[in-house]
Amino acid sequence: MAQSGVSVAPECIQAFNELKLGKSIKWIIYKISDDWKEIVVEETSTEADYSKFREKLLSAKSKNKRGEVGMGGRYAVYDYEYDAPGGEGKRSKITFISWVPDDAPQYPRMMYSTSKDALKRALNGLAADIQANDPDDIEQDSVMQRVSKGR
């Protein structure tokens, strides 16, 4: 359980293990449930189109404590493939992305920031971690640079 009191649903680990072991799932998007008590799977996909994945993060919505819908945070895991430098072939890194936009309301920003470590601890086998607060942080080129360096 996170400092915020948010727990990780078993389905989160199950989906991650399918991505990691089965390799049929390309990405997973997680969200904190509307009652702010549990991290759950929002969506999984077998499609490798990064632009569609990025668009899902950018269009995420969350409710604040008063039930008003606004820009929202998300967690995501993306099985990122890239060409290794020096022509050493393809590499694959399972990348954790914490998407907490700067212009999201205060309560969702706080909950996503304080609950992140609980999910990361539950997912064994992450190779890279990206904290994204701005759309530029999840541009494909920016992610590729960070993933290929192993950060």
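Residues numbered from 1 in each chain as written. Predicted model: local features only at pLDDT ≥ 70, side-chain atom pairs only at ≥ 80, totals over all residues. Heavy atoms only, no water.

1. Digging into the nonpolar core
Here comes step 1: Judged by nonpolar contacts, the single largest core of 22 residues is most densely connected at Y30, I32, I39, Y75, V77 and L119.
Here comes step 2: Counting residues per element, the ones that place at least two in this core are α1 (10–22), β2 (27–32), β3 (38–45), β6 (74–83), β7 (90–99) and α3 (106–122).
Here comes step 3: When near neighbours in sequence (up to four residues on either side) are disregarded, L119 contacts V8, C12, Y30, I39, Y75 and F96.
Here comes step 4: In this structure, A76, Y78, I97 and V143 belong to the second largest nonpolar core, which totals 18 residues. (Core = buried A, V, L, I, M, F, W, Y, C linked by side-chain atoms within 4.5 Å. Buried < 20%, exposed > 50% of the residue type's maximum accessible area, 1.4 Å probe, protein only. Helix = DSSP H or I, 4+ residues; strand = E, 2+ residues; numbered from the N terminus. Contact = heavy atoms within 4.5 Å.)

2. Here we look at unusual backbone geometry
Comment: phi is negative for the bulk of residues other than glycine, and the bulk of peptide bonds are trans.
Here comes step 1: In this structure, W36 is a non-glycine residue whose phi angle is positive, near 60°.
Here comes step 2: Tracing the backbone through its elements, the reader meets W36 in the loop between β2 and β3.
Here comes step 3: When its relative accessible area of 9% is taken as the criterion, W36 is described as buried.

3. Looking at the pattern of salt bridges
Here comes step 1: All chains considered together, the criterion is met by seven salt bridges.
Here comes step 2: With a shortest N-O distance of 3.3 Å, E43 and K56 are connected by a salt bridge. Residue E43 is located in strand β3, and its partner K56 is located in helix α2 (residues 50–58); the two are separated by 13 residues in the primary sequence.
Here comes step 3: On the basis of relative accessibility, which here comes to 26%, the residue E43 falls in the partly exposed class.
Here comes step 4: By relative accessible area, K56 is classed as partly exposed at 37%. (Salt bridge = Lys/Arg side-chain N within 4 Å of Asp/Glu carboxyl O.)

4. Observations concerning α3
Here comes step 1: The first and last C-alpha atoms of α3 sit 25 Å apart over 17 residues, in line with the 24 Å expected at 1.5 Å per residue.
Here comes step 2: Its axis deflected by about 35° at S115, α3 carries its strongest bend there.
Here comes step 3: Of the positions making up α3, those classed as buried are P108, M111, Y112, S115, K116, A118 and L119. (Expected span 1.5 Å × (residues − 1). Bend = angle between axes of the 7 residues up to and from the residue.)

5. Structural notes on the UniProt feature "domain: ADF-H" (unreviewed entry) in the protein
Here comes step 1: Here, the residues flagged by UniProt with the feature "domain: ADF-H" (unreviewed entry) are residues 5–148.
Here comes step 2: This span, residues 5–148, is 33% helix and 33% strand, and a straight line between its end C-alpha atoms measures 34 Å. (UniProt positions renumbered as here; feature names shortened; annotations may be inferred.)

6. Considering the sheet that holds β2
Here comes step 1: Ordered by their spatial adjacency, six strands build an open sheet running β1-β3-β2-β6-β7-β8, and the pairing between neighbours is mixed. With one partner strand each, in any of the chains shown, β1 (7–8) and β8 (128–132) form the two edges of the open sheet.
Here comes step 2: Both β1 and β3 contribute to a ladder of two bridges, which runs parallel. Each bridged residue has a counterpart across the sheet, and for S7 the counterpart in β3 is E38.
Here comes step 3: Against the sheet, α1 makes contact with β1, β2, β3, β6 and β7, and its axis sits at roughly 35° relative to β3, the strand it touches most. (Pairing = 2+ DSSP bridges. Axes fitted to C-alpha atoms, helices over the stretch in contact; angles between N-to-C directions.)

7. Considerations on the pairing of β8
Here comes step 1: Here β8 shows a clear split, with A128, I130 and A132 buried on one side and none of D129 and Q131 buried on the other.
Here comes step 2: Where β7 meets β8, five bridges bridge the pair, whose relative direction is parallel. Bridge pairing in β8 links I97 to I130.

8. Things to note about a negative patch on the surface
Here comes step 1: Taken together, the side chains of D102, D103, D134 and D136 make up a negatively charged region of the molecular surface.
Here comes step 2: Within the fold, D103 resides in the loop between β7 and α3.
Here comes step 3: You can call D103 exposed: its relative accessible area is 59%. (Patch = residues over 30% accessible without salt bridge, like charges linked within 9 Å, V, L, I, M, F, W, Y side chains within 5 Å. Areas by Shrake-Rupley, 256 points an atom, 1.4 Å probe, with all protein chains shown as cover. Lys, Arg positive; Asp, Glu negative; His and termini not counted. Charge placed at Lys NZ, Arg CZ, Asp CG, Glu CD.)

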